[in-house]
Every structure is written in structure tokens, then in C-alpha cells.
Amino acid sequence: MLQKQELLEKLTGIRSSRKSYYKELSYVVDEMKKKNKQLEIINQLTKVRINADWTDVSAYLAEQLAQLFSFDLFVLTLVKGGSLSFFASRREQQEWRSVPFPLPSPGKAPASVAELNNMLQHACPDWQITSVPLQSRLQQSFGFLSLLAAQPTTDDPEQLRLLCQIAEHIGVSVENILLFQDVSQKVGIEAQLVQSAKMAAIGEMAAGVAHELNSPLTAILGNAQLLLRQLSSEPLKRMTQDIYQCGVRCKKIIQNLLIFSRQEEYHFECLSANEVIEDVLVLIGYQLTVSGITIKKKLSAEALLFQGSRHQIEQILINLLLNARDALQNTPHPVITIASFRQAREDGVFVGISVHDNGVGIKREALSQIFQPFYTTKAEQKGTGLGLSVSLGIAESHGGTLTVDSEEGKYSTFTLLLPHYASEENAGE
């Protein structure tokens, strides 16, 4: 009976067709799982944060694509205004991280995948490179995705087709980020223009008030000097001397206001760090002390000279001091320490001016953002988020920089570094 059953199965092919059926079913199930995985990855690729940094975008894309493709290095190339930007990511300790990727400066931006691959081949010779373009909704190319493998693999048309399809979805996310950056830049420029107009109006008001005060102040100082020449008895002479000294202090404040509000091109001159600090403290020192803040000065004994615009450098220090004041509002014993010093670095000798406060400090996650336009840690209506970004721009235009060191709940220290200027007298020593 068993022999007849086996003979019938062989003749009818029931067993072989059953095997083929399960084999095909297993293949279909595997293909469905693969397609579902691809759809899941594509869905994740559309969730790129619109305000993300390009290095973070590169690492995120590499992490997602590594689940579908085999590669050792991922490169996101952006083409904007004829210039190229490369953002590379490599796997380090089971995590994809942004890495530097230097490339020779091309004569022009690549117009095709082949031109880009030739450029990449110079940086990674003998590597297998697979690149696909990123295109806008108007079918204009604005970048490329490149997968680089150290060990050559066989070309798979299906994999290339999948990468092209994924690039269409990534292109939408990348284009949205570019549009967001363009809009943010325009909004930033408009806000700076509004702020500049406000500052110009305040400057004109300050200049008008200063000129109005100069006339009566001149009479006060002149009459005080005449009285000092005639008075010889105390306490009238001492009281008149106090009147004269207060008048001189007021005159210096008015002069600083006029300098600060002057609407003209900024002229670079040789400045002393200590003198700039003293002038700024004359201008807003009283405002700080009446707030209950103790001002400590740690000024260098040597002459620390630098080339710069007095008005712009004073603007930086005023911003830093006012920020320190705001950070000290709820501190029991508020102290601001302003110091000047010389700092030697690999790229030269710099004059340093630091503003330290023992206030609320800055959260670690906010430290990398505080110099960005419109970012502020202050409450609503308390800050525009432009002070530090403008200050950093001024410092960089002087060939220097502005850095921050802070610990939440303990302190903040902002340091302005400007290239040291060696006068002819000092240079000869």
C-alpha cells in the first residue's frame, strides 16, 4: 500500500509541488519583510529635523542607510551658489559620527554623478563609490548622496534602483532644510535691520541729550574752577572740589555716550584693553552697582594693546556686562569680575578681556547655541537673542573670537580675544 502511495506522489508530483509552494511562499514572505524594512527606513528618512545641523543630518542619514546598504563612509554633498560643501560620516564604536572629509577645491561644482565620483576618487583612491543626485521639485540638482566602500563589491542594479528611490525622499527633506535656512537667514537680516534702526534712533537721542547737557555742564565746571581759586577755607573748598569732580565724571560719561552713538564708519585705532574697560565701567558701572552687584577688576599691569574700533569693542563689553547683570538677579552675593590678560596661542599672541559672574550659569545643551541669532535663555520680552551673535561677529571682524565657559547654577565666563598689537617701542624691546 505504501509503495503504491509513493508511486502515485511521484507520478502526480504532489510532493515536489508542495516543496515548490513552500519555497515560493518563504521567498514571498522574505521579500515582504524586506519591502517593509525599506518602507520603514524611508519613513525614518523623512523625519529629519528641519533645523538640524548638516553634520547631524549626515550622521542620521548614514545610520538609516546602513540598515539597507553595505558601505564604510557616507558623504552628503551640497551644491549652493557654485560652491561645494561635504559632510561625511563614519561608523565609530557602533555609532555613526561626523568626520572631516577634505577635498581639493574644484574649478566648478560637479554637474553629474561621474564628475563627483572623480573628485571623491582623489580623496579615497581604490574605494568603490556609488553616488546618486539629490533633486528639487523642479528637477534641479542641489546635491548628492555617496556611499563609499573600502572593499569593492559586485554591482547590484536593484540596490542602485533602491538608492535612487530613497534619494527622492531624502531630497525633499534636504530641500526643506535649505529652504528653512534661507528663510531664517532673511528673517535674521530683517531683524538685524530693525535692531539697527532702533539703535540708530537711540544713538540720535543719546547724542541730542549729550549735546544739551554739555552747555550747562560747561558752566558748572567753569564756575566751580573759579570758586576753587577764590575759596581757601574748609569745608566750602572741599564741597566745591566734589562738585568739580562730579562734573568731570559727568562730562566723561557724556563723551562716551557721544562716541557710542556716533553714526559714522568705524575707524580702527590702537587701543588699550585697560582703558576700554575703564571707559565702559564709567558708562554703565553705576547702573550695575545700584543693582547691588559688586564689580571687581583684575587688570593686567602691562600695556595690552590691540587694533580695533573703540565703539564696537565697547559694545561687546556692554553686552557681556548687561548679560552678567541679568544672570545675577536672584544671586545672594552677586559679583562681576572683569579682567584683562595676555594669552599666547598656537596662532599668535592675543589680548584677552573676560567677564565672569557667579550667577545662574548656562545649561550644557545651550552652550553650543547661545551665539546663534535669536537664541536666548532669557524670559520673553527680556532679550532679542542678537547680542551675543552680533558680539561674536564683531570679534571675528577684528581677527579675534568670543568664547564661553559656564556651569549651570555656578558661574559664566565670557572671554574676548583680540590679536595683540606690538607697538614699535615694544617691538624693539
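Residues numbered from 1 in each chain as written. Predicted model: local features only at pLDDT ≥ 70, side-chain atom pairs only at ≥ 80, totals over all residues. Heavy atoms only, no water.

Lay out the overall build of the protein in plain terms, naming residues and giving numbers.
The secondary structure content of the protein amounts to 10 helices and 12 strands. Out of the 429 residues in the protein, the part that is buried amounts to 37%. Pairs at least 24 apart in sequence give 65% of the contacts found in the protein among residues at least 6 apart. For the protein, the exposed area adds up to about 26,300 Å²; of that, 53% sits on carbon and sulfur atoms. (Helix = DSSP H or I, 4+ residues; strand = E, 2+ residues; numbered from the N terminus. Buried < 20%, exposed > 50% of the residue type's maximum accessible area, 1.4 Å probe, protein only. Contact = heavy atoms within 4.5 Å. Areas by Shrake-Rupley, 256 points an atom, 1.4 Å probe, with all protein chains shown as cover.)

I'd love a proper account of the sheet that holds strand E4 (residues 128–135), names of residues and values included.
The sheet built from 5 strands is open, its strands ordered E3-E2-E1-E5-E4 with antiparallel pairing. Of all strands in the sheet, those with a lone pairing partner are strand E3 (95–99) and E4, marking the two edges. With direction set aside, neighbouring strand axes in the sheet form an average angle of 20°. As paired elements, strand E1 (residues 73–80) and strand E2 (residues 83–92) share 8 bridges and run antiparallel to each other. Pairing of Thr77 across the sheet is with Phe86, part of E2. (Pairing = 2+ DSSP bridges. Axes fitted to C-alpha atoms, helices over the stretch in contact; angles between N-to-C directions.)

How would you explain the side chain of Thr331 if you had to name every residue and give the values?
In this structure, Thr331 sits in the loop between helix H8 (310–327) and strand E9 (335–345). Residue contacts for Thr331: discarding those within four places in its chain leaves Asn358 and Gly359.

Pulling in residues and values, what's your account of the nonpolar core?
The biggest cluster of nonpolar side chains holds 37 residues, and the ones touching the most others in it are Phe306, Leu321, Ile336 and Leu416. Listed by contribution, the elements that provide at least two residues to this core are helix H7 (273–289), H8, E9, strand E10 (348–357), helix H9 (387–397) and strand E12 (411–419). Sorting elements by how many residues they give to this core places H7 first, with 8 residues. Formed by 31 residues, the second largest nonpolar core is a distinct cluster that contains Val57, Leu61, Phe142 and Leu145. (Core = buried A, V, L, I, M, F, W, Y, C linked by side-chain atoms within 4.5 Å.)

Describe the sheet that holds E9, listing the residues and the values that go with them.
Here 5 strands make up an open sheet; going across it, the order is E7-E9-E10-E12-E11 and the pairing mixed. Of all the strands in the sheet, the pair left with one neighbour each is strand E7 (294–298) and strand E11 (401–407). When strand polarity is set aside, the average angle formed by the axes of neighbouring strands in this sheet is 20°. Where E10 meets E12, 8 bridges bridge the pair, whose relative direction is antiparallel. Across the sheet, residue Gly352 finds its bridge partner in E12, namely Leu417. Packed on one face of the sheet, H7 meets E7, E9 and E10 and runs near 165° to E9.

Any details on the pattern of salt bridges? Residues and values, ideally.
Within this structure, the stated rule accounts for 9 salt bridges. Arg161 is the partner of Glu158 in a salt bridge, and the nearest nitrogen-oxygen pair spans 2.6 Å. Here Glu158 and its partner Arg161 are both found in helix H5 (residues 157–230), 3 residues apart, which amounts to about one turn of the helix. Given the relative accessible area of 41%, Glu158 is considered partly exposed. Arg325 is the salt-bridge partner of Asp326, the closest N and O atoms lying 3.2 Å from each other. Relative accessible area serves as the criterion here: at 22%, Asp326 is assigned to the partly exposed category. The exposure class of Arg325 is partly exposed, given its relative accessible area of 23%. (Salt bridge = Lys/Arg side-chain N within 4 Å of Asp/Glu carboxyl O.)

I'd love a proper account of the pairing of E9, names of residues and values included.
Direction of pairing for E7 relative to E9: parallel, over a ladder of 5 bridges. Note on E9: the bridge partner recorded for Thr294 is Val335. Of the pairings in the sheet, the one linking E9 to E10 comprises 10 bridges and is antiparallel in character. Pairing of Arg342 across the sheet is with Val351, part of E10.

Tell me about the packing of H7 against H8, residues and numbers included.
Two elements in contact, H7 and H8, have axes separated by 10 Å at closest approach and are oriented at 40°. For the element pair H7 / H8, the angle class is oblique. The handedness of the crossing between H7 and H8 comes out as right-handed. Between H7 and H8, the contacting residues are Glu275, Val276, Ile277, Asp279, Val280, Leu281, Leu283, Ile284, Gln287 and Leu288 on the first element and Arg310, Ile313, Glu314, Leu317, Ile318, Leu321, Leu322 and Arg325 on the second. For the contact of H7 with H8, the class distribution of residues is 12 nonpolar, 1 polar and 5 charged. (Parallel < 35°, antiparallel > 145°, perpendicular 65-115°, else oblique. Left-handed = near helix turned anticlockwise from the far one by under 90°. Nonpolar A, V, L, I, M, F, W, Y, C, P; charged D, E, K, R; others polar.)

Account for the environment of Ala150, with residues named and values stated.
By the element assignment, Ala150 lies in the loop between strand E5 (141–149) and H5. Relative accessible area serves as the criterion here: at 30%, Ala150 is assigned to the partly exposed category. Between the C-alpha atoms of Ala150 and Trp127, which are 23 residues apart in sequence, the distance is 4.9 Å. Leaving out residues up to four positions away in the same chain, Ala150 has contacts with Asp72, Asp126 and Trp127.

Before we move on, can you summarise H7 with the specific residues and values?
The largest bend along H7 measures about 50° and falls at Leu283. With 12 of 17 residues buried, H7 is to be regarded as a mostly interior element. Taken residue by residue, H7 has Ala273, Asn274, Val276, Ile277, Asp279, Val280, Leu281, Val282, Leu283, Ile284, Gly285 and Leu288 as its buried positions. (Bend = angle between axes of the 7 residues up to and from the residue.)

Break down the state of the cysteines for me, citing the residues and quoting the values.
If you walk through the whole model with that rule in mind, you get 0 disulfides. Cysteine Cys250 remains unbridged, with the sulfur of Cys246 as its closest cysteine sulfur at 6.7 Å. Accessibility expressed as a relative area gives 37% for Cys250, which makes it partly exposed. (Disulfide = S-S within 2.5 Å.)

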